[in-house]
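Each chain, letter by letter, is given below.
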Amino acid sequence: MDDFEEYEDTPADPRDPGDTFLHERAVYHSDLGGDHRERFAGLPVVDADSTMMVRPDQVAWLVTDETGFGFDDDKDDTALADELDFLLRRVNPAQVTALAVTGHGAANAPRLLARHAPRLTRLRSVFLGFIEPEHWEISWIRHGDLTPLLEAYPKLERLEVRGSQGLRLEPVTHEHLRVLRFESGGLPGSVVRAVGACAFPALEHLELWLGVEQYGGDSTAADLDGILSGAGLPALKRLGLRDGERMDEVAAAVAVAPVAGRLEELSLGMGTLTDRGAEALLSGQPLTHLRVLDLRHHFLGDDMMRRVRDALPGVAVDLDEQWRPEDDGWMYVAVSE
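Residues numbered from 1 in each chain as written. Predicted model: local features only at pLDDT ≥ 70, side-chain atom pairs only at ≥ 80, totals over all residues. Heavy atoms only, no water.

Asker: Residues and numbers for the overall build of the chain, please.
Answerer: Across its full length, the chain carries 10 helices and 12 strands. In summary, the chain has a C-alpha radius of gyration of 20 Å against a globular reference of 20 Å for 337 residues, a match within 12%. Over its C-alpha atoms, taken along the principal directions, the chain stretches across nearly 60 × 40 × 35 Å. Out of the 337 residues in the chain, the part that is buried amounts to 57%. Carbon and sulfur atoms provide 48% of the accessible area of the chain, an area that totals close to 13,800 Å². (Helix = DSSP H or I, 4+ residues; strand = E, 2+ residues; numbered from the N terminus. Rg over C-alpha atoms; globule rule 2.2 N^0.38 Å. Buried < 20%, exposed > 50% of the residue type's maximum accessible area, 1.4 Å probe, protein only. Areas by Shrake-Rupley, 256 points an atom, 1.4 Å probe, with all protein chains shown as cover.)

Structure representation (structure tokens):
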């Protein structure tokens with residue numbers, strides 16, 4: 001893996017991760033300057049208690065949920081209720097369009113935000129777990145059931161979630177969601193299956209960091225069936241199945257998936273993709289219609305890298321970060337703990 005100095009020196013990427021696939025250091029890395037944290041959903045992030053004079057709809061407001069450091073006993077130790085009340089006294093709630101929730105977890109956020117839905121009538125973007133690794137590891141960020149948030153905000157357009165401990169989701173139909181991203185070191189298979197059982201007719205960007213079993217990433221390729229069928233995702237343009245330790249199986253499933261034929265961008269990067277998975281991709285349905293194929297952070301050999309590029313001459317193929325397995329055969333994903 002890259003050492004801390006390389007992480008620290010990586011400049012912020014001006015692109016929005018809801019518009020394309022960015023490598024992990026562009027969206028989740030130790031940057032004590034915090035440059036890459038300054039924006040969410042195209043808006044500057046501002047603390048709820050900031051004295052800056054800004055229009056409420058021109059910033060993403062940063063509020064705090066869990067304030068305790070424990071792992072099991074203080075999910076209810078939250079500042080969110082008070083911070084929301086404070087913010088919504090200061091500004092017109094009907095003008096707030098984006099919220100980012102920080103803290104050691106965001107387990108209370110779906111319930112508390114749902115309570116304010118009658119007032120937050122223009123809320124369109126929510127980030128749960130907006131915290132960097134030098135403050136709290138991704139595998140430690142706690143969550144609850146996301147379903148109340150989606151049900152309370154039928155016009156929500158963007159939901160991003162960092163961390164997955166305790167994360168739950170029930171199948172829903174949501175007419176307006178356009179971007180759904182899960183950054184995790186281990187995404188539960190139950191959540192993957194729930195996403196596949198949802199109906200998201202407007203969703204254009206779906207991104208799942210699948211992670212490793214050690215940190216709760218117990219999904220299999222079969223858990224992706226609902227997503228890969230494309231049945232509930234008629235508008236999908238960008239699909240990211242990333243950061244997984246079973247990427248060869250995922251690639252084989254994508255190679256024959258109905259949804260693949262209508263994608264513009266596909267990411268199978270940040271994980272343990274090997275020549276076997278790349279061979280499955282090349283042997284499956286044509287991918288020459290893609291604009292972008294992101295395989296960054298992979299374990300392909302030099303010959304296979306050439307074969308992939310040669311097979312997709314009109315596609316922007318990202319094959320940066322070529323890694324070799326350890327002597328014992330162990331391979332690692334980009335983000336786990």
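Here the narrative resumes, following the displayed structure.
Asker: Any chance you could break down the pattern of salt bridges for me, citing the residues and the numbers?
Answerer: Summed over all chains, the structure comprises 25 salt bridges. In this structure, Arg178 engages Glu157 in a salt bridge whose closest nitrogen and oxygen atoms are separated by 3.8 Å. Residue Arg178 is found in the loop between β6 (158–162) and β7 (179–183), and its partner Glu157 is found in the loop between α5 (147–152) and β6; the two are separated by 21 residues along the sequence. Note that Arg291 is salt-bridged to Glu265, the shortest N-O span being 2.9 Å. (Salt bridge = Lys/Arg side-chain N within 4 Å of Asp/Glu carboxyl O.)

Asker: Lay out the packing of aromatic side chains in plain terms, naming residues and giving numbers.
Answerer: Applying the stated criterion to the full structure yields six aromatic pairs. Between the aromatic rings of Phe127 and Phe130, the centroid separation amounts to 4.9 Å while the plane-to-plane angle is 80°, which identifies the pairing as edge-to-face. Phe130 shares its class with Phe127; the two are buried. Aromatic pair Phe299 and Tyr332: ring centres 5.6 Å apart, planes at 80°, arrangement edge-to-face. Linking Phe299 in the loop between β11 (292–294) and α10 (302–311) with Tyr332 in the segment after β12 (316–318), this pair joins segments that are 33 residues apart in sequence. Here the aromatic residues Phe299, Trp323, Trp330 and Tyr332 are joined through ring pairs into a cluster of three or more. (Phe/Tyr/Trp six-rings, centres within 6.5 Å; stacked < 30°, edge-to-face > 60°.)

Asker: Please provide a residue-by-residue account of the packing of helix α9 (residues 275–283) against α10, values included.
Answerer: Relative to each other, α9 and α10 sit at 20°, their axes nearing to 10 Å. Here α10 runs roughly parallel to α9, going by the angle between their axes. Judged by the sense of rotation from one axis to the other, the crossing of α9 with α10 is left-handed. Together, Asp275, Ala278, Glu279 and Leu282 of α9 and Met304, Arg307, Val308 and Ala311 of α10 make up the contact between the two elements. (Axes fitted to C-alpha atoms, helices over the stretch in contact; angles between N-to-C directions. Parallel < 35°, antiparallel > 145°, perpendicular 65-115°, else oblique. Left-handed = near helix turned anticlockwise from the far one by under 90°. Contact = heavy atoms within 4.5 Å.)

Asker: Give a description of α9 that names residues and reports values.
Answerer: What α9 keeps buried is the set Gly277, Ala278 and Leu281. Down the axis of α9, the buried side of the element spans an arc of 100°, and every buried residue falls inside it. Of the exposed residues in α9, the ones pointing more than 90 degrees away from its buried face are Arg276 and Ser283. The inward-facing, buried residues of α9 abut α8 (247–255) and α10. (Arc of directions from axis to C-beta.)

Asker: Which residues make up unusual backbone geometry, and what values go with them?
Answerer: The residue Ala41 is not glycine, and still its phi comes out positive at about 55°. Within the fold, Ala41 resides in the loop between β1 (39–40) and β2 (43–47). Even without glycine at this site, Asp243 takes up a positive phi of about 60°. Along the chain, Asp243 turns up in strand β9 (residues 238–244).

Asker: So what's going on with the confidence of the model for the chain? Residues and values would help.
Answerer: Of all residues in the chain, 92% attain a pLDDT of 70 or more, and the chain-wide mean is 92. Every residue in residues 1–9 is under pLDDT 50, and counting partners more than four places away or in other chains gives 17 contacts. Of the regions scoring below 50 in pLDDT, residues 32–36 engages in 11 contacts with residues more than four places distant in sequence or in other chains. (pLDDT = per-residue confidence, 0-100.)

Asker: Can you explain the side chain of Arg242? Please cite residues and give values.
Answerer: Looking at the secondary structure, you find Arg242 in strand β9. On the basis of relative accessible area, Arg242 is assigned to the buried category, the value being 1%. Here the side chain of Arg242 touches Leu22 through a polar contact of 3.1 Å, landing on its backbone oxygen. Among the polar contacts listed, one links the side chain of Arg242 to the side chain of Glu207, at a separation of 2.8 Å. (Polar contact = N/O pair within 3.5 Å; in protein donor to acceptor, adjacent residues only side chain to side chain.)

Asker: How would you explain the sheet that holds β1 if you had to name every residue and give the values?
Answerer: Taken together, 12 strands build an open sheet; the order of strands is β1-β2-β3-β4-β5-β6-β7-β8-β9-β10-β11-β12 and the sheet is mixed. A single partner strand is all that each edge strand has here, and the edge strands are β1 and β12. Of the strand pairs in this sheet, strand β5 (residues 125–128) and β6 are connected by four bridges, and their pairing is parallel. Counterpart to Leu128 in the pairing with β6 is Val161. (Pairing = 2+ DSSP bridges.)

Asker: Provide a residue-level description of helix α3 (residues 80–90), including the pertinent values.
Answerer: Within α3 the residues assigned to the buried category are Leu80, Leu84, Leu87 and Leu88. The buried residues of α3 occupy an angular sector of 90° when the element is viewed end-on, so they sit on one face. For α3, the exposed residues set more than 90 degrees away from the buried face come down to Asp82 and Arg89. Looking at the buried positions of α3, the neighbouring elements they touch are β3 (60–64), β4 (98–102) and α4 (109–115).

Asker: So what's going on with the pairing of β5? Residues and values would help.
Answerer: Burial along β5 is two-sided: Ser125 and Phe127 and Val126 and Leu128, pointing in opposite directions, are all buried. By the bridge criterion, four bridges tie β4 to β5 in an arrangement that is parallel. Bridged to Ala98 within β5 is Ser125. The handedness of the β4 to β5 crossover, carried by α4, is right-handed. A crossover connection joins β5 to the parallel β6 through α5; in handedness this β-α-β unit is right-handed. (Right-handed = clockwise from strand over helix to strand, strands pointing away.)

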